[in-house]
Amino acid sequence: MRILGIDSSTTVAGVAVVEDDRLVVETFLNTRKNHSQRLMPMLDAMLREADLTLADIDALAVSIGPGSFTGLRIGLATVKGLAQATGKPLIGVPTLDALALNVAGLTGLICPVLDARKNEVYMAVYQSASSLQVNRISDYLAISPTELIGLFQGSRFFGDGASDWRHCPVTFLGDATPVYRDLLTEGLGNRARWVLPTHNLIRAAQIAYLGGQRLAAGQKDDYLTIKPLYIRQSEAEVRWQSREKENACYRR
């Protein structure tokens, strides 16, 4: 089964085709250029280079967030249009799940962190179930780096047996690691571990791979109702709510 994966959730733009457990082709740009201008030309060029057409694709997978609000909307709009035009199944894949898969097989805890601006990170905690799979053991959160350190020093995530995790190594990866590496190292000492810079970026191949797994398990989404996983409100929503509160005060 050939799965087309698309990711535009961060500054990276990526498209890939995975067939069963084989990566067929992938195009990956970390040039910080506008996704709306680059995504479809990238997809067209990639398919032509692989001698494929959309008719050869069995399903579509897309990163749904968290990440850049604008980037997520561009990716989802692109895939919704393709799903409507082709009738192919559509699968949404959480961005952090795909990022954690970059280091599947590592021992200890895995914590992908994406820069959410406003001195916050998007994050979740995972454990390797095998060299091919990671299991999420926390909620998806938008928190400050200081709060993140506090979570690994406490037991909020882990329930019974949490004390066993307080000494466990934590591997961080993602585009927030260059920003907060010194702070996390200071807070967690030698428990904090790091990956090669090339593993810090989201891969469309991982989106496609996870999409294929979820489709095989009978999971898919409706292109009419699939929504981004924002985690927190957009700046526009915050401003709108603030204005509504002010207007409500004036009406009293």
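Calculation notes
Residues numbered from 1 in each chain as written. Predicted model: local features only at pLDDT ≥ 70, side-chain atom pairs only at ≥ 80, totals over all residues. Heavy atoms only, no water. Buried < 20%, exposed > 50% of the residue type's maximum accessible area, 1.4 Å probe, protein only. Helix = DSSP H or I, 4+ residues; strand = E, 2+ residues; numbered from the N terminus. Arc of directions from axis to C-beta. Phe/Tyr/Trp six-rings, centres within 6.5 Å; stacked < 30°, edge-to-face > 60°. Expected span 1.5 Å × (residues − 1). Contact = heavy atoms within 4.5 Å.

Those residues of helix α4 (residues 145–153) that fall on the buried side of the exposure criterion are Pro145, Leu148, Ile149, Leu151 and Phe152. Buried positions in α4, seen along its axis, are confined to an arc of 155 degrees and lie on one side of it.

By the definition in use, this model includes three aromatic pairs. Between Phe69 and Tyr230, the ring centres sit 4.4 Å apart and the planes meet at 5 degrees, which makes this aromatic pair stacked. Taken together, the residues Phe69 in helix α2 (residues 69–86) and Tyr230 in the loop between α6 (204–216) and α7 (235–251) connect sequence positions 161 residues apart. By relative accessible area, which is 15% here, Phe69 ends up buried.

For the rest of this paragraph, the subject is unusual backbone geometry. Of note, the bond from Gly65 into Pro66 is cis; its omega dihedral lies within 30 degrees of zero at 10 degrees. Positionally, Pro66 belongs in the loop between β4 (59–65) and α2. Even without being a glycine, Asp20 presents a positive backbone phi close to 55 degrees. Among the structural elements, Asp20 can be located in the loop between β2 (13–19) and β3 (22–29). Residues other than glycine seldom take positive phi values, yet Asn119 does so here, at roughly 60 degrees. Structurally, Asn119 is set in the loop between β6 (109–115) and β7 (121–123).

We now examine helix α1 (residues 35–49). In this model α1 runs 20 Å from its N-terminal to its C-terminal C-alpha over 15 residues, within 8% of the 21 Å that 1.5 Å per residue would give. Tucked inside the fold, the buried residues of α1 contact β1 (2–7), β2, β3 and α2. One or two positions beyond α1, positive phi appears at Asp51, with a value near 55 degrees.

Function cannot be read off these values alone, since they describe shape.
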